[in-house]
Amino acid sequence: MADISIKFPDGKSKDFPEGTTPADVAKSISISLAKKAVAGKLNGKLVDYLTPLSGDGAIEIVTKDSDEGLSVLRNTTAALVRIALKKQFPAIRLGEVSADEDGFFVDTDKDDQQVSVDELDALSVIVEKLVSDKSDIERISLSKADALATAKDDPYTTELINAVDGDAVSFLKIGDYQVLSDGAQLANTGDVKKFKLLSVAGAYWQGKSSNPMLQRIYGTAFYKQADLDADLAKRQEARERDHRVIGNQLDLFFVDPKVGAGLPYWMPNGATIRRTIERYIIDKEVANGYQHVYTPVLANLDLYKQSGHWAHYREDMFPPMDMGDGEQLELRPMNCPSHIQIYNHHIRSYRELPLRIAELGMMHRYEKSGALSGLQRVREMTLNDGHTFVAPEQIQDEFKSILDLMVKVYKDFDIKDYTFRLSYRDPKNTEKYFDDDEMWNNAQKMLKGAMDDLGLPYVEAEGEAAFYGPKLDVQTKTALGNEETLSTIQLDFMLPERFDLHYVGADGEEHRPVMIHRGLVSTMERFTAYLTEIYKGAFPTWLAPKQVTIIPVSEEKHGAYADKLAAELKAADVRVNVDKRGEKMGYLIRDAQTHKIPYTLVVGEDEMANGTVSVRKYGEDDSNSMSSDAFVKEILGDIASYSRE
Ligand code: ATP
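Here we come to the sheet that holds strand β12 (residues 213-222). Spatially, β6-β7-β12-β11 is the arrangement adopted by the four strands of the open sheet, whose pairing is antiparallel. Since the sheet does not close on itself, it has two edges, and those belong to β6 (93-100) and β11 (194-204), each with one partner. The sheet shows a mean angle of 20 degrees between the axes of neighbouring strands, taken without regard to direction. Sitting on the sheet, helix α4 (residues 120-132) touches β11 and β12, and the angle it makes with β11 is about 130 degrees. The sheet strands contacting helix α6 (residues 155-162) are β6, β7 (103-109) and β12, and the helix crosses β6 at an angle near 60 degrees.

Below, the discussion takes up the domain arrangement of the chain. Taken domain by domain, the chain comprises domain 1 (3-63), domain 2 (68-230), domain 3 (257-535) and domain 4 (548-640). Counting from both sides, the interface comprises 10 residues of domain 1 and, opposite them, 10 residues of domain 2. Between domain 1 and domain 2, roughly 750 Å² of surface is buried when both sides are summed, and carbon and sulfur atoms account for 63% of that area. Looking at the side of domain 1 facing domain 2, the largest losses of area belong to V38, L46 and D48, adding up to 60% of the total buried there. We note a salt bridge from K41 to E68, for which the minimum N-O separation is 2.8 Å. Tallied by class, the residues present in the side of domain 1 that touches domain 2 amount to seven nonpolar, one polar and two charged.

Let's shift gears to the pairing of strand β10 (residues 177-180). Of the pairings in the sheet, the one linking strand β9 (residues 168-174) to β10 comprises four bridges and is antiparallel in character. Looking at the pairing, F171 lines up with L180 of β10. Taking the residues that link successive antiparallel strands as the turn, the β9-β10 hairpin has two residues, and the phi of G175 there is positive, at about 55 degrees.

The next point concerns the site of the ligand. Close to the ligand lie 18 residues, the nearest being R365, E367, T485, S522 and T523. The backbone of V378 places a nitrogen or oxygen atom 2.9 Å from a nitrogen atom of the ligand. One nitrogen or oxygen atom from the main chain of L486 is found 3.3 Å from an oxygen atom belonging to the ligand. If the ligand stood free it would expose 570 Å²; the protein chains cover 85% of that surface. Residue contributions to the shell around the ligand peak at five residues, all from strand β24 (residues 483-492). Taken together, the residues that form the shell around the ligand break down as six nonpolar, six polar and six charged.

Let us now look at the sheet that holds strand β30 (residues 599-603). Spatially, five strands are ordered β29-β28-β30-β31-β32 in an open sheet, and the strand pairing comes out mixed. The open sheet is flanked by β29 (576-578) and β32 (623-627), the only strands paired with a single partner. Here the average twist between neighbouring strands, direction ignored, is 25 degrees. The pairing of β30 with strand β31 (residues 612-617) spans four bridges and is classified as antiparallel.

On to the side chain of S181, then. Along the chain, S181 turns up in the loop between β10 and β11. By relative accessible area, S181 is classed as buried at 9%. Excluding residues that lie within four positions of it along the chain, S181 makes contacts with R139, S170, F171 and L172.

Structurally, R518 can be placed in strand β27 (residues 514-523). Those residues in contact with R518 that sit more than four places away from it in its chain are E285, Y290, N384, D385, G386, I402, T488 and I489.

Tallying each qualifying case throughout the model produces 16 aromatic pairs. Plain terms: the ring middles of F254 and Y265 are 5.0 Å apart, the flat faces sit at 10 degrees to each other, and that makes the pair stacked. Taken together, the residues span a long stretch of sequence, with F254 in strand β13 (residues 253-254) and Y265 in strand β14 (residues 265-266) at a distance of 11 residues. Of the residues examined, Y265 reaches a relative accessible area of 39% and is grouped as partly exposed. Connected via pairs of aromatic rings, a cluster forms that spans Y280, F413, F527 and W542.

Moving on to the packing of helix α10 (residues 268-287) against helix α17 (residues 524-535). Following both chains from N to C, one finds α10 and α17 inclined at 110 degrees, their axes separated by 11 Å at the closest point. Judged by the angle between their axes, α10 and α17 are roughly perpendicular. For the crossing formed where α10 meets α17, the hand is right-handed. Residue-level inspection shows I273, R274, I277 and E278 of α10 in contact with α17, the latter providing M524, E525, F527, T528 and L531. Looking at the contact of α10 with α17, its residues break down into five nonpolar, one polar and three charged.

A separate point is the pattern of salt bridges. Going through the model one piece at a time under the given rule, you end up with 37 salt bridges. Among the salt bridges present, the one from K580 reaches D563, with a minimum N-O distance of 2.9 Å. Of this pair, K580 sits in the loop between β29 and α19 (585-594) while D563 sits in helix α18 (residues 555-571), placing them 17 residues apart in sequence. Since its relative accessible area comes to 37%, K580 is described here as partly exposed. Judged by relative accessible area, D563 falls into the partly exposed class, the value being 33%. Salt bridges sharing common partners tie together E367, R377, E484 and R526.

Before going further, it helps to spend a moment on the environment of V245. Relative to the helices and strands, V245 is located in helix α8 (residues 243-249). Residue classification places V245 among the partly exposed residues on the basis of a relative accessible area of 33%. In this structure the C-alpha to C-alpha distance between V245 and D3, which are 242 residues apart in sequence, comes to 59 Å.

In most cases, non-glycine residues show a negative phi, while peptide bonds are predominantly trans. Look at the link from L353 to P354: it is a cis peptide, with omega at -10 degrees. Positionally, P354 belongs in the loop between α13 (336-344) and β19 (355-364).

Attention shifts here to helix α14 (residues 395-412). With 18 residues, α14 extends 26 Å from end C-alpha to end C-alpha; this agrees with the ideal 26 Å at 1.5 Å per step. The set of residues buried in α14 consists of I395, E398, F399, I402, L403, L405, M406, V409, Y410 and D412. Count one or two residues on from α14 and you reach D414, which has phi positive near 60 degrees.

This part covers the nonpolar core. F413, L531, F539, V548, I550, L569 and F631 are the most contacted members of the largest nonpolar core, which totals 102 residues. Looking at this core element by element, the count peaks at eight residues for α14. The residue makeup of this core includes at least three contributed by each of domain 3 (257-535) and domain 4 (548-640). For I550, the contacting residues outside a window of four places in its chain are A562, L565, A566, L569, V576, N577, V578, D579, L601 and V603.

Put simply, helix α3 (residues 67-88) and α4 touch, their axes get as near as 9 Å, and they point 120 degrees apart. Handedness of the α3/α4 crossing: right-handed. Residues L80, V81, I83, A84, L85, K87 and Q88 of α3 form the contact with α4, whose participating residues are A122, L123, I126, V127, L130 and V131. Residues of the contact of α3 with α4, tallied by class, amount to 11 nonpolar, one polar and one charged.

The rules we used
- Residues numbered from 1 in each chain as written.
- Predicted model: local features only at pLDDT ≥ 70, side-chain atom pairs only at ≥ 80, totals over all residues.
- Heavy atoms only, no water.
- Pairing = 2+ DSSP bridges.
- Helix = DSSP H or I, 4+ residues; strand = E, 2+ residues; numbered from the N terminus.
- Axes fitted to C-alpha atoms, helices over the stretch in contact; angles between N-to-C directions.
- Contact = heavy atoms within 4.5 Å.
- Domains from an automatic or database assignment.
- Buried area = accessible area lost by both parts, 1.4 Å probe.
- Salt bridge = Lys/Arg side-chain N within 4 Å of Asp/Glu carboxyl O.
- Nonpolar A, V, L, I, M, F, W, Y, C, P; charged D, E, K, R; others polar.
- Near = heavy atom within 4 Å.
- Polar contact = N/O pair within 3.5 Å; in protein donor to acceptor, adjacent residues only side chain to side chain.
- Areas by Shrake-Rupley, 256 points an atom, 1.4 Å probe, with all protein chains shown as cover.
- Buried < 20%, exposed > 50% of the residue type's maximum accessible area, 1.4 Å probe, protein only.
- Phe/Tyr/Trp six-rings, centres within 6.5 Å; stacked < 30°, edge-to-face > 60°.
- Parallel < 35°, antiparallel > 145°, perpendicular 65-115°, else oblique.
- Left-handed = near helix turned anticlockwise from the far one by under 90°.
- Expected span 1.5 Å × (residues − 1).
- Core = buried A, V, L, I, M, F, W, Y, C linked by side-chain atoms within 4.5 Å.

Here it is, written out as structure tokens:
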């Protein structure tokens, strides 16, 4: 048999007989490597551990402790789940399968009822049995015709098979079962160690909202119990932080896809949080020289043609409304053209610059349905937007002063976990952007210079700029682990030109201003989602929808005293309610804790006689007795302190 030359990651090569497998290669290196190995990576592509190698190439041995090693394990676990599904529900149809460092999923579709979360345990038992059978996993190749014959009544598998290039379709043979598969696999079902089927959720076939909704089964797998336990604990923590879960528990908001995907309804509790943020930010901005305005969400499409949004941003915009008389109205995807109208409404002088215009501006973006998530990514949003118009020589100072304000605002909200990202245009794809190389080079340099001056750490990201200029983004992580932009400062040399903006300089001549777009606390939607997750729903007192609940021991005897206290607190602008449901005291106290209300006051005989209250703070086990006046003072001090530190 001919020899093939195999190159190792350290650059050395060795000859092996043709047909050698990654397993043979691993064993030839060391027994300890062979023990950890689960697959090979041939010329950069993952292959099965027992794939016969037929030509020269570079090989890496993939071990259990790598991300790729985990993907291989999850590929095989997903294949076993598919077999288990077929055993349990012979008529089930199977869609896409995916496995990566987060876990795996299998898409399914059934005639009667979709697979439910209650059925996952029974499926796990079948998978366990397949594991304990210790069957070899063989890769076989079927002709397209034979492959299609295995998928008779399953339109999804049929489509997946038809999409394979060429006539050979790769299947796995495990015991008596054959399953469609791609992706590298373990050599034996017994190598699947610790797995867990986690949840189910609807998912459109191939991610398109016009396609049928399938049922996606999520799971994960590890080689060690300790790793699985740690992962499950992390998932539990993420669930506890997930703003969609907390939003439901605390009755903050809801989204009903039947009424409109990505169009949230704010319930009174969520609306209270939002209103508090809105008032805070408007006051802060006004104090920092911003002039707040209101502008319409609708404008003639021509405005967005002039701004360039129609040419560069159309796929994120809702289609225009044809008014029947030749006029086309567009829901704005950004507020900048509106603020430009405000700037242009008067002749501006250099004395007015930097001119800071701000608005809590509602905008609409047609985000992909698969990207929508609670309040975090929506289709209608209200941005804490601001545009500063500056003379070119004022850019750096204004940039720094915006950043300074942003950091102060972050302190008030106790936001600590974020990173700065300088977003540049993609140098390989410059036609996507406003066409002015000099502008891009200068502006990118200017932002970098300002960040270096301030000594702030940042990462640089090519291809993340807006189409009109580079930007500084503040990146945070959601409970689900996705990185999202919270705040942004963006330079723009393009719109002032497109709208022919001017100011009269000290020399009496007309000059072109530069625009800086900035969003300090993002959209009300994303910011509320973010705060909900960092506080795990336990909002600091100044933001909490309900700040105090008063529980009278007996409504009949102490209700009037409770009402009197509530009236005093209301008069001091505290959000308070008296819980008169008459349930058992223990239940009412627990309920106040579940709703994460910062202060629970219990009032009974002693309190009424002495003019005191028994105060229990959220998260604390003990109560404190104090005079009602002292309590009012304490809570007002707490509300005024903003930062929880
Ligand atoms: P992203 O990359 O997150 O889609 P973007 O760069 O398109 O955002 P900008 O045009 O800079 O967004 O919008 C300003 C801010 O509005 C963003 O920094 C982000 O915090 C927030 N935002 C953007 N899109 C959404 C959305 N669909 N839902 C909620 N908030 C959003």
